[in-house]
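The residues making up each chain are set out below.
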Amino acid sequence: MNLIPGNLYKFQHFDRQNENLNHKLVLCLGEDHIHREDGVVIKNFRVQMVGAERPGICDNGMRRYLKDID
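Residues numbered from 1 in each chain as written. Predicted model: local features only at pLDDT ≥ 70, side-chain atom pairs only at ≥ 80, totals over all residues. Heavy atoms only, no water.

Chemist: Describe the nonpolar core, listing the residues and the values that go with them.
Modeler: Leu3, Tyr9, Phe11, Phe14, Leu21, Val26, Cys28, Phe45, Val47, Cys58, Met62 and Leu66 form the largest nonpolar core, which has 12 residues in total. At the level of secondary structure, the elements contributing two or more residues to this core comprise β1 (8–11), β2 (25–31) and β5 (44–49). When near neighbours in sequence (up to four residues on either side) are disregarded, Tyr9 contacts Met1, Asn2, Leu3, Ile4, Lys24, Leu25, Val26, Cys28, Leu66, Lys67, Asp68 and Ile69. (Core = buried A, V, L, I, M, F, W, Y, C linked by side-chain atoms within 4.5 Å. Buried < 20%, exposed > 50% of the residue type's maximum accessible area, 1.4 Å probe, protein only. Helix = DSSP H or I, 4+ residues; strand = E, 2+ residues; numbered from the N terminus. Contact = heavy atoms within 4.5 Å.)

Chemist: Report on the pattern of salt bridges, specifying residues and quantitative values.
Modeler: The final tally for this structure, using the stated rule, is 3 salt bridges. The partner of Glu31 in a salt bridge is Arg63, and the shortest N-O contact between them spans 2.8 Å. Highlighted residues: Glu31 in strand β2 and Arg63 in the loop between β6 (56–59) and β7 (66–68), separated in sequence by 32 residues. Exposure remark for Glu31: the relative accessible area of 44% places this residue in the partly exposed category. Taking the relative accessible area as the measure of exposure, Arg63 reaches 11% and is therefore buried. Two residues, Asp38 and Arg36, come together in a salt bridge whose shortest N-O distance is 2.7 Å. Among the residues examined, Asp38 registers a relative accessible area of 53% and is labelled exposed. What makes Arg36 partly exposed here is its relative accessible area of 41%. (Salt bridge = Lys/Arg side-chain N within 4 Å of Asp/Glu carboxyl O.)

Chemist: Can you lay out a nonpolar patch on the surface for me, pointing to particular residues and giving the numbers?
Modeler: Nonpolar side chains collect at one region of the surface, where Leu8, Leu25, Val50 and Ile69 lie side by side and expose about 300 Å² of accessible area between them. Assignment of secondary structure puts Ile69 in the segment after β7. (Patch = residues over 30% accessible without salt bridge, like charges linked within 9 Å, V, L, I, M, F, W, Y side chains within 5 Å. Areas by Shrake-Rupley, 256 points an atom, 1.4 Å probe, with all protein chains shown as cover.)

Chemist: Please give an account of unusual backbone geometry that cites residues and values.
Modeler: Positive phi values are uncommon outside glycine, yet His23 reaches one of about 65 degrees. Mapped onto the elements of the fold, His23 is located in the loop between β1 and β2.

Structure representation (structure tokens):
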């Protein structure tokens with residue numbers, strides 16, 4: 001899924017270990033990749049969960065659990 005910064009998304013239910021994310025609204029803040037010294041790029045993205053004080057970082061694999069609500 002191509003995430004657009006500034007758009008709202010909703011996490012779908014995906015497991016019991018991540019109850020804090022299931023069905024939560026998030027604002028996409030954009031890509032936040034980590035460039036390691038060995039040349040490997042870890043693809044992450046930054047979100048602000050509605051009601052949270054600080055933004056968070058999600059692994060690229062979490063994209064499949066987001067649904068665009070804009």
